[in-house]
Amino acid sequence: MVRNTYSELKRCWTKKFSDSDKENIEFEINELLGMALGIDCRNPLFAEKLIEVADEQIEKRFEKLAARRMNGEPLQYILGEWEFYGLPFKVGEGVLIPRQDTETVVDVAIRKLSDRHGIIVTDLCSGSGCIGIALEKNLYCEKVVCVEKSDKAVEYLRQNVRLNGSEAEVLHGDIFREDVINAVPMSDLIVCNPPYITAEDMQTLQREVTFEPESALFGGEDGLDYYRDITRIYKDKLKNGGLLMFEIGIGQEDEVMRILIQHGFTNVRTRADLLGVNRCVFGEKADKIKLCTDVMSV
Ligand code: GLN
């Protein structure tokens, strides 16, 4: 039997992927073939390999990976690792995939806190740990605490702490349970990318997203449950002048800003991502002592 070269394999699967309306086809096929070959597709050796006749075992391995992708499984789960803020994160079934959108929250936090030393940061609903770990690597932190409820996600979180040589503390538990709340330190920054998809939007998720854990996506009927509860509970875990910072879904900025204002936060702002979508809402816990002296000096 005449065997295909790796290039021919690529061509055949490029056609299958384009017939199924996938985007970034060249990139995805290269990543999957690189995985099957055990050679990073950015390595020059990969390009050299393409003219060779495919090894039967490797061809089988590649076809299995490509078939998983054809079935809609996210590329990130198949590869098992994904980059966020220039850092590697292990991912797989049971943990939300770090998204570029979320880099907006990290950017805002870094911009607001870059000149502060010895800060305490708490990342709620931490998932893979991408926000907390990226902040630890880019700010002068005394302590970073990542809180995650899901057993599966917390395994990835722990792996990612090790993988990145991070000193972030992992707190495994439900952010609404009293023992967890008590264990969270008084923080300079509390950051969270909570589940925020509405009941209606959960019905029409993109196929890839249906592979991700519902508990990381569904934010209650109007998508805002976590914003209300976290703001109410965790404002008491912020130091005076501390920042509460959320990632939000498209069009949620007005409601989330209102929640923060209702709870007494000041300088409540929103920030857009690279596509111009408002992705981050944040506010400062009013400094009561400062407010008092301001009033007295009027
Ligand atoms: N950003 C994710 C999405 O829209 C949702 C994640 C979340 O709810 N925090 O697919």
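Given the structure is predicted, the values throughout are model-derived calculations rather than measurements.

Student: Explain the site of the ligand to me, please; I cannot follow it from the model alone.
Tutor: All residues adjacent to the ligand are Leu96, Arg99, Asn193, Pro194, Pro195, Tyr196, Ile197, Ala216 and Leu217. The separation between a nitrogen atom of the ligand and a polar main-chain atom of Pro194 is 2.6 Å. The separation between a nitrogen atom of the ligand and a polar side-chain atom of Tyr196 is 2.9 Å. When isolated, the ligand has an accessible area of 300 Å², and the protein chains bury 86% of it. Of the residues assigned to the shell around the ligand, the class counts are seven nonpolar, one polar and one charged.

Student: How should I be thinking about the nonpolar core in this particular structure?
Tutor: Taken as a class, soluble globular proteins show a tendency for nonpolar side chains to be buried jointly. Counting 33 residues, the largest nonpolar core has Tyr234 and Phe246 as the members making the most contacts within it. Contributions of two or more residues to this core are made by β4 (141–148), α9 (178–183), β6 (187–192), α11 (225–234), β7 (238–247), α12 (253–262) and β8 (265–272). Among the elements that line this core, the one with the most residues is α11, at five residues. For Phe246, the contacting residues outside a window of four places in its chain are Val105, Cys192, Pro194, Tyr227, Ile230, Thr231, Val256, Leu260, Arg279, Cys280 and Val281.

Student: Looking at this structure, how should I read the sheet that holds β7?
Tutor: As summarised here, the arrangement of the seven strands in space is β5-β4-β3-β6-β7-β9-β8, forming an open sheet in which the pairing is mixed. The outermost strands of the open sheet, each flanked by one partner alone, are β5 (169–172) and β8. Recorded for the sheet is a direction-independent mean angle of 15° between the axes of neighbouring strands. With four bridges connecting them, β4 and β5 associate as parallel partners. Bridge pairing in β5 links Glu148 to His172. Taken strand by strand, helix α8 (residues 151–163) contacts β4 and β5, and its axis lies near 175° from that of β5.

Student: Explanation requested: the pairing of β6 in the structure shown.
Tutor: Looking down a regular strand, the side chains alternate between one sheet face and the other. Burial analysis of β6 places six of its six residues in the buried class, which makes it a mostly covered element. Sheet topology note: the strand β3 (residues 119–124)/β6 ladder contains four bridges and is parallel. By the bridge assignment for β6, Thr122 is matched with Ile190. Sheet topology note: the β6/β7 ladder contains five bridges and is parallel. Bridging from a neighbouring strand, Ile190 pairs with Leu244 of β7.

Student: Explain the packing of aromatic side chains to me, please; I cannot follow it from the model alone.
Tutor: The geometry of an aromatic ring pair comes down to the distance between the two centres and the angle between the two planes. For the coordinates displayed, the defined rule picks out seven aromatic pairs. Pairing Phe27 with Trp82 gives two aromatic rings, centres 6.5 Å apart and planes at 75°, and the pair type is edge-to-face. Within this pair, whereas Phe27 is found in helix α2 (residues 25–37), its partner Trp82 is found in strand β1 (residues 81–84), the two being separated by 55 residues in sequence. Judged by its relative accessible area of 23%, Trp82 falls in the partly exposed class.

Student: Even after reading the chapter, I still don't get unusual backbone geometry, so can you show me in this structure?
Tutor: The phi angle of most residues is negative, glycine excepted, and most peptide bonds adopt the trans form. Unusually for a residue other than glycine, Cys125 sits at a positive phi of about 55°. Despite not being glycine, Asn267 shows a phi value in the positive range, around 45°. Note that Asn267 resides in strand β8.

Thresholds applied
- Residues numbered from 1 in each chain as written.
- Predicted model: local features only at pLDDT ≥ 70, side-chain atom pairs only at ≥ 80, totals over all residues.
- Heavy atoms only, no water.
- Near = heavy atom within 4 Å.
- Polar contact = N/O pair within 3.5 Å; in protein donor to acceptor, adjacent residues only side chain to side chain.
- Areas by Shrake-Rupley, 256 points an atom, 1.4 Å probe, with all protein chains shown as cover.
- Nonpolar A, V, L, I, M, F, W, Y, C, P; charged D, E, K, R; others polar.
- Core = buried A, V, L, I, M, F, W, Y, C linked by side-chain atoms within 4.5 Å.
- Buried < 20%, exposed > 50% of the residue type's maximum accessible area, 1.4 Å probe, protein only.
- Helix = DSSP H or I, 4+ residues; strand = E, 2+ residues; numbered from the N terminus.
- Contact = heavy atoms within 4.5 Å.
- Pairing = 2+ DSSP bridges.
- Axes fitted to C-alpha atoms, helices over the stretch in contact; angles between N-to-C directions.
- Phe/Tyr/Trp six-rings, centres within 6.5 Å; stacked < 30°, edge-to-face > 60°.

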